[in-house]
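Residue-level structure breakdown
Spelled out, the chains give:
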Amino acid sequence: MTASQGPFSEPAALLHEVSAAVGAITRHLSVHQVLEVIVSSARRLVGADYAAIGIPDDEGGFAEFITDGIGEEQRLKIGPLPRQHGMLAAILAESEPIRLDDLRRDPRFRWWPKAHPSMAALLGVPIRDCGPALGVDCSRTIGIVVLTNDLGRPGFSEADTELIELLASHAAIAITNARLYERSRELTVVEERNRLARELHDAVMQRLFSLRLSARAAAKLVPIDPDAAASRLEEVETLAAEAIAELRGVIVELRPADLDLHGLVETLRRHATLLDRLHDTDVHFHVRSPVDLSRDGEVEVLRLVQEALGNAFRHARARTVTVTVETERITVADDGDGFDADEAATRGLGLLSMRERARALGGELDLATAPGEGTVVTLRLEGPVVEDAAPEAPERPAADDPEDPSRD
């Protein structure tokens, strides 16, 4: 089924579908997610059986090769990502689209793996840095869109080609913008790390160095001049207090601006919304009751929740992540792979850091997980963290409360 004979043969319907596809592409900031939208939109627009988008690397392969229309099990059987050979290499090398009724009869065709589906009609369109949509002729190919049909199915039309070329021109802009966005975030992190390193060196490290020298001098004076040693120890106490004050100043500077602008709950909501946009995983955010914390407490809670969410996205391969905020507890639950908590406690600093943050808040961190059963991280907020709260906090749910998200 092609665009000229498929469900979008009416101009208005086709225009609407193209508009929806372009809109979906430009809404995403993650390169991988942009690619997924492109490949699914391209296949849907022309009614192809299969679609793929490939981003070449500099080593004769593909840094990304995303397919649509091939099931996950079959894709795993096909094997690793393809190399830049055969028809894929031809599409990368050509400045114009390649349209064939049977790709197997073309001399540029090589072979495909045993588990690969049999394909005949092919439409291959290069994605260039700029193109017809910008009125500029460019020669650098940053990717390819490949559409194929099963043996016996109709080939692709000139209208299909023009449609996918239009999509590819918008895709080039979206891919470039997504890469720039990711790069800007990396640079921002690097710049902030460098600034923090300078602050720590100039302020805190110098204080600690002086403190160490005074402590050494006091130790040497103890047996020969106790009064002088006592004076030195007073200097140690003063320098330690100054170092603590300097360190607190650096930490205050690291306080996210969003916390001052929006407060903790809204900052968490915005972070969850951003993750939902950037990833395939569905992120849900629920507020059941208000949270009232000190300024320092808000920073610790934000960092802890970000760490828990980061673990869910980096390691759990979850389909759904849910953040639930209540007055005396905040829960991050995912339906991912889960893990052995006892084993994980002996590796890395993630869980250790989260538990230390919870203790600094005067609270507790509960972890409920097992291999294949997802993970529930619950931060229980106790009295000491709520420095500015009203005298009486809402009563905590009973242990058998069915609404308690921390239950197994």
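Keep in mind the model is a prediction, meaning the values are calculated, not measured. (Residues numbered from 1 in each chain as written. Predicted model: local features only at pLDDT ≥ 70, side-chain atom pairs only at ≥ 80, totals over all residues. Heavy atoms only, no water.)

1. As for the overall build of the protein chain
Rules: By the criteria applied, helices consist of DSSP H or I runs no shorter than four residues and strands consist of E runs no shorter than two, each listed in order from the N terminus. In this scheme, a residue with accessible area under 20% of its type's maximum is buried, one over 50% is exposed, and one in between is partly exposed, where area comes from a 1.4 Å probe on protein chains only. Note on areas: Shrake-Rupley, 1.4 Å probe, and residue coverage restricted to the protein chains presented here.
Secondary structure summary: the protein chain contains ten helices and ten strands in total. Looking at the protein chain residue by residue over its 408 residues, the buried ones come to 40%. Here the protein chain has roughly 22,700 Å² of accessible surface; of this, 52% comes from carbon and sulfur atoms.

2. Topic: helix H8 (residues 295–316)
This is how it is decided: Every helix has an expected span of 1.5 Å times one less than the residues it contains. Whenever two N or O atoms come within 3.5 Å, that pair is a polar contact, provided that in protein one can donate a hydrogen and the other can accept it, and provided that, for residues adjacent in sequence, both atoms are side-chain atoms.
Compared with the 32 Å implied by 1.5 Å per residue over 22 residues, the 31 Å span of H8 between its first and last C-alpha is a close match. The backbone nitrogen of Gly297 has a side-chain oxygen 3.0 Å away, supplied by the residue at the start of H8, namely Ser294. Taken from the residues just after H8, Arg317 is the one with a positive phi, measuring 55°.

3. Brief notes about the pattern of salt bridges
The line we're drawing: Salt bridge, as used here: a side-chain nitrogen of Lys or Arg that lies within 4 Å of a carboxyl oxygen of Asp or Glu.
Under the criterion given, the structure shown has 16 salt bridges. A salt bridge links Glu266 to Arg270; its shortest N-O distance comes to 3.3 Å. Taken as a pair, Glu266 and Arg270 lie in helix H7 (residues 257–278) at a separation of four residues, close to a single helical turn. Here Glu326 ties to Arg288 by a salt bridge, and the two come within 4.0 Å at their closest N and O atoms. Of the two residues, Glu326 is situated in the loop between strand S7 (320–325) and strand S8 (329–334) and Arg288 in the loop between strand S6 (282–287) and H8; the sequence distance between them amounts to 38 residues. Its relative accessible area of 43% is what places Arg288 among the partly exposed residues. Overlapping salt bridges bring together Glu94, Asp106 and Arg108 as one network.

4. Looking at the packing of aromatic side chains
Any two aromatic rings considered together are summarised by their centre-to-centre distance and by the angle between their planes. Put simply, the rule is: Each pair of aromatic rings taken from Phe, Tyr and Trp, with Trp reduced to its six-membered ring, is defined by centres within 6.5 Å and is described as stacked if the planes are under 30 degrees apart, edge-to-face if over 60, and tilted in the remaining cases.
Per the stated rule, a full pass over the model turns up one aromatic pair. Between the aromatic rings of Phe62 and Phe65, the centroid separation amounts to 5.3 Å while the plane-to-plane angle is 65°, which identifies the pairing as edge-to-face. An identical accessibility class is assigned to Phe62 and Phe65; each is buried.

5. Regarding the sheet that holds strand S2 (residues 62–68)
Cut-off, in case you're wondering: Whether two strands pair depends on DSSP finding at least two bridges between them. Note on method: axes are straight lines fitted to C-alpha atoms, helices fitted across the in-contact stretch only, with angles between N-to-C directions ranging 0 to 180 degrees. Residue contacts are counted whenever heavy atoms from the two residues lie within 4.5 Å of one another.
Read from one edge of the open sheet, five strands run S2-S1-S5-S4-S3, paired in antiparallel fashion. Both outer strands of the open sheet, S2 and strand S3 (98–100), are each paired with one neighbouring strand and no more. Pairwise comparison of adjacent strand axes, ignoring direction, gives a mean angle of 15° for this sheet. Each of strand S1 (50–56), S2 and strand S5 (141–148) is contacted by helix H2 (residues 31–46), which is oriented at about 40° to S2, the strand it contacts most.

6. Brief notes about the pairing of S2
Consecutive residues of a regular strand have side chains that alternate between opposite faces of the sheet. Inspection of the sheet shows S1 paired to S2 by six bridges, in the antiparallel sense. Bridge assignment links Pro56 to a residue of S2, and that residue is Phe62. Taking the residues between adjacent antiparallel strands as the criterion, S1 and S2 are bridged by five residues, where Gly60 takes a positive phi near 85°.

7. Re the sheet that holds S8
Reading across from one edge, S6-S7-S8-S10-S9 is the order of the five strands in this open sheet, with mixed pairing throughout. Whereas interior strands pair on both sides, the edge strands pair on one side only; in this sheet they are S6 and strand S9 (364–369). Between one strand axis and the next, the sheet turns by 10° as a mean value, whatever way the strands run. Where H8 meets the sheet, it contacts S6, S7, S8, S9 and strand S10 (375–380), and its direction lies at approximately 10° from that of S8.

8. A short note on the environment of Glu364
Among the structural elements, Glu364 can be located in strand S9. Relative accessible area serves as the criterion here: at 44%, Glu364 is assigned to the partly exposed category. For the pair Glu364 and Arg380, spaced 16 residues apart in sequence, the C-alpha to C-alpha distance is 5.1 Å. Setting aside residues no more than four positions away along its own chain, Glu364 makes contact with Ala358, Thr378, Leu379 and Arg380.

9. Remarks on the confidence of the model for the protein chain
How we decide: As a per-residue quantity, pLDDT reports the predictor's confidence and falls between 0 and 100.
In the predicted model, the protein chain carries a mean pLDDT of 77, and the fraction of residues at 70 or more is 75%. Across residues 1–5, confidence stays below pLDDT 50; counting only partners more than four residues off in sequence or on other chains, it has 23 contacts.

10. With respect to the side chain of Thr327
Looking at the element boundaries, Thr327 is found in the loop between S7 and S8. In this structure the side chain of Thr327 is engaged in a polar contact, spanning 2.7 Å, whose partner is the backbone oxygen of Pro290.

11. Some details on the environment of His279
Within the secondary structure, His279 sits in the loop between H7 and S6. Once residues lying within four places of it in the same chain are set aside, the contact partners of His279 are Gln33 and Phe313.

12. Remarks on helix H4 (residues 86–93)
Buried residues dominate H4, accounting for six of its eight residues. What H4 keeps buried is the set Gly86, Met87, Leu88, Ala90, Ile91 and Leu92. The inward-facing, buried residues of H4 contact S1, S2, S3, strand S4 (122–128) and S5.

13. Re the environment of Thr281
Residue position: Thr281 is located in the loop between H7 and S6. For the pair Thr281 and Thr320, spaced 39 residues apart in sequence, the C-alpha to C-alpha distance is 5.5 Å.

14. Notes on the nonpolar core
This is how the line gets drawn: We define a nonpolar core as any set of buried Ala, Val, Leu, Ile, Met, Phe, Trp, Tyr and Cys residues linked to one another through side-chain atoms lying within 4.5 Å.
One finds Leu264, Val301 and Leu379 to be the most contacted residues of the largest nonpolar core, which totals 33 residues. Listed by contribution, the elements that provide at least two residues to this core are H7, S6, H8, S7, S8, helix H10 (350–360) and S10. The element contributing the most residues to this core is H8, with ten residues. Setting aside chain neighbours within four positions, we find Leu379 in contact with Val301, Leu304, Glu328, Arg329, Ile330, Ala358, Leu361, Glu364 and Leu365. In this structure, Ala48, Ile55, Leu123 and Ala168 belong to the second largest nonpolar core, which totals 30 residues.

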